[in-house]
Amino acid sequence: MTEHLPLILATFLLAGMVKGVVGLGLPTIAVGLLGLVMAPLQAAALLIIPSMVTNIWQLCDGRSPQPMLRRLWPMLLGILFGTLLVAAVLQSLDLPGATRWLGVALVVYALLGLAKVHFRVERAKEGWLGPVIGAITGAITAVTGVFVIPAVPYLQAIGLEKDDLVQALGLSFSVSTLALAAALGHSGELLQPAVLGLSSLALLPALLGMAAGQWLRKRISAERFKRWFFIGLLLLGAELALRGL
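Residues numbered from 1 in each chain as written. Predicted model: local features only at pLDDT ≥ 70, side-chain atom pairs only at ≥ 80, totals over all residues. Heavy atoms only, no water.

### Considering the overall build of the protein chain
Then, in step 1: A count of helical and extended segments in the protein chain gives 10 helices and 0 strands.
Then, in step 2: Written out in order from the N terminus, the α and β elements of the protein chain read α-α-α-α-α-α-α-α-α-α.
Then, in step 3: In the protein chain, buried positions account for 50% of the 245 residues.
Then, in step 4: As displayed, the protein chain has an accessible area near 11300 Å², and 69% of this comes from carbon and sulfur atoms.
Then, in step 5: In the protein chain, 17 positive and 11 negative side-chain charges are present, and the distance between their average locations comes to 8 Å. (Helix = DSSP H or I, 4+ residues; strand = E, 2+ residues; numbered from the N terminus. Buried < 20%, exposed > 50% of the residue type's maximum accessible area, 1.4 Å probe, protein only. Areas by Shrake-Rupley, 256 points an atom, 1.4 Å probe, with all protein chains shown as cover. Lys, Arg positive; Asp, Glu negative; His and termini not counted. Charge placed at Lys NZ, Arg CZ, Asp CG, Glu CD.)

Shown next as structure tokens:
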């Protein structure tokens, strides 16, 4: 992986900036771009430390996460269960065709974002729907390393205020990162000391990018930025999905 070090550092700088502006996108950008030169789960292994630290930063807004944890624990438990179960069933996480599935996941996510599809989930349905959404998110995470589908549309659909949504996304991404780290560590294939070293190195550009993104957020249209983010994601996902066909 060291031969790709300049790309790794530049990717996490960009991914951190996107997260700083729109509150999400670091794992999606990082795994998507690095998926051009390596397997998705190799890219996901590099994501572990930057993702965990930036999610904790996102959660540190002065409010206790306990009320959100009480509301979202069924979904979060589903993420853990889905990730670890699928990882155990697959045994080897370095799957042939994983790059194409990553591309498909990015295309679906980008199309939903561009279409501005708005779902609505009643509070009474969260008890049974949350674990299902979490399990599906976990299964997709175990195969592609990306944990935005369908968790992000679901969290946008349950009627959270802006600050609560940012906190909920931080919790969801934190649990997904921990579950992915556990799956990668259990497989013994990808989470090696050298990889963790590169992941630690990628933390600095991710933090710099996130700080720059938060500065930019006050000076640009977040909605316009998000639209171009989804367009870029659509093109990247299409290239990954069509690769080798």
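### As for the UniProt feature "transmembrane region" (unreviewed entry) in the protein chain
Then, in step 1: The positions that UniProt labels "transmembrane region" (unreviewed entry) are, in the present scheme, residues 33-60, 72-92, 98-115, 127-153, 165-184 and 196-216.
Then, in step 2: As a span, residues 33-60 carries 79% helix and 0% strand, and end to end its C-alpha atoms are 28 Å apart.
Then, in step 3: End-to-end, the C-alpha atoms of residues 127-153 are 17 Å apart, and along that stretch the chain is 78% helix and 0% strand. (UniProt positions renumbered as here; feature names shortened; annotations may be inferred.)

### Things to note about the environment of Leu72
Then, in step 1: Note on placement: Leu72 falls in helix H4 (residues 66-90).
Then, in step 2: Considering only alpha carbons, one finds Leu72 and Leu155, 83 residues apart in sequence, at a separation of 9.2 Å.

### Focus: the pattern of salt bridges
Then, in step 1: What the rule picks out here adds up to 2 salt bridges.
Then, in step 2: Close ionic contact of Glu126 with Arg71 constitutes a salt bridge, the shortest N to O distance being 2.7 Å. Remark: Arg71 occurs in helix H4 and Glu126 occurs in helix H6 (residues 126-144); sequence separation between them is 55 residues. Comparing Glu126 with Arg71, the two get one shared label, buried.
Then, in step 3: With a closest N to O distance of 4.0 Å, Arg123 and Glu126 form a salt bridge.
Then, in step 4: Classification of Arg123 by relative accessible area gives exposed; the value is 57%.
Then, in step 5: Bridged by salt links that share partners, the residues Arg71, Arg123 and Glu126 form one connected network. (Salt bridge = Lys/Arg side-chain N within 4 Å of Asp/Glu carboxyl O.)

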